[in-house]
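A structural walkthrough
Single-letter residue listing:
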Amino acid sequence: MIRNLVPGVLGALALCVATTASAEQYVDYTPESGVWDINAIDVDPNHIDDYLVGLKKSQVPFFEILKKRGMIDAYKFVVRNGYAKNSPSVLIMVHYTSMAALAPDKARDQAIEKEVRAGFSKEQGEAAVAGYEKYRTFIDNGQWTEVTMTK
């Protein structure tokens, strides 16, 4: 009986030792600059293409303006293969160059709004997202910091 317990006890001890070791920032890993803003959306699988077309019309021009202004340096849309209700099927990922880029700035924000409206009217925006409420549910939104593990 004791013979059978030894491997289990040793395994549990190894797990405890592994979890009590703490990582040190800049020694074990380095946080990268900037922050990923990630929206996780549950989209009815029959409307994923509709949703992506709407994002192309409404979000891509906006992201390109933010990119041109240096506020973001990357964005991507990720679609899940497979479907599980109430789970994200589309991720909208935007990489801000710094947390400061998320801070309000009246002059900058109004200039961006004006630039967006010059290329995409409020009516066009409403038409691009018409019907979303019937097949889209926001699941999560968070800011994520990428880290690089040291060798």
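Residues numbered from 1 in each chain as written. Predicted model: local features only at pLDDT ≥ 70, side-chain atom pairs only at ≥ 80, totals over all residues. Heavy atoms only, no water.

**Thoughts on the overall build of the protein**
Rules: Under the DSSP-based scheme used, a helix requires at least four consecutive residues in state H or I and a strand at least two consecutive residues in state E, with every element numbered from the N terminus. Relative accessibility thresholds used throughout: buried, under 20% of the residue-type maximum; exposed, over 50%; partly exposed, between the two (1.4 Å probe, protein chains only). We call two residues contacting when some pair of their heavy atoms lies within 4.5 Å. All accessible areas in this document rest on Shrake-Rupley with a 1.4 Å probe, and a residue is counted as covered only by the protein chains that are shown.
Secondary structure assignment for the protein yields five helices and six strands. Taking all 151 residues of the protein together, the buried fraction comes to 25%. The contacts of the protein with a sequence gap of at least 6 include a subset with a gap of at least 24, amounting to 77%. Of the roughly 10500 Å² of accessible surface on the protein, 57% is carried by carbon and sulfur atoms.

**Description of helix α3 (residues 106-119)**
Rule in force here: Expected span of a helix: the number of residues minus one, times 1.5 Å. As used here, the arc belongs to the directions running from the helix axis to the C-beta atoms.
Between the first and last C-alpha of α3 there are 20 Å, a value that for 14 residues agrees with the 20 Å anticipated at 1.5 Å per step. All of the buried residues in α3 are Arg 108, Ile 112 and Val 116. In a view along the axis of α3, the buried residues occupy a sector of 70°, so they form one face of it. Among the exposed residues of α3, those oriented more than 90 degrees off its buried face are Lys 106, Ala 107, Gln 110, Lys 114 and Ala 118.

**Observations concerning the packing of aromatic side chains**
Here is the rule: Aromatic rings from Phe, Tyr and Trp, with only the six-membered ring used for Trp, were paired whenever their centres fell within 6.5 Å, and each pair was classed as stacked if the ring planes differed by under 30 degrees, edge-to-face if by over 60, and tilted otherwise.
For the structure on display, the rule yields six aromatic pairs. With a centroid separation of 6.2 Å and 75° between ring planes, the pair formed by Tyr 75 and Phe 77 is classed as edge-to-face. Given the relative accessible area of 27%, Phe 77 is considered partly exposed. Ring pairs connect the aromatic residues Phe 62, Phe 63, Tyr 75 and Phe 77, which therefore count as one cluster.

**Some words on unusual backbone geometry**
Glycine aside, negative phi is the norm for most residues, and most peptide bonds take the trans geometry. Backbone geometry at Tyr 26 places phi at a positive 70°, although glycine is not the residue there. Looking at the secondary structure, you find Tyr 26 in the loop between α1 (2-20) and β1 (29-31). The exposure class of Tyr 26 is exposed, given its relative accessible area of 57%.

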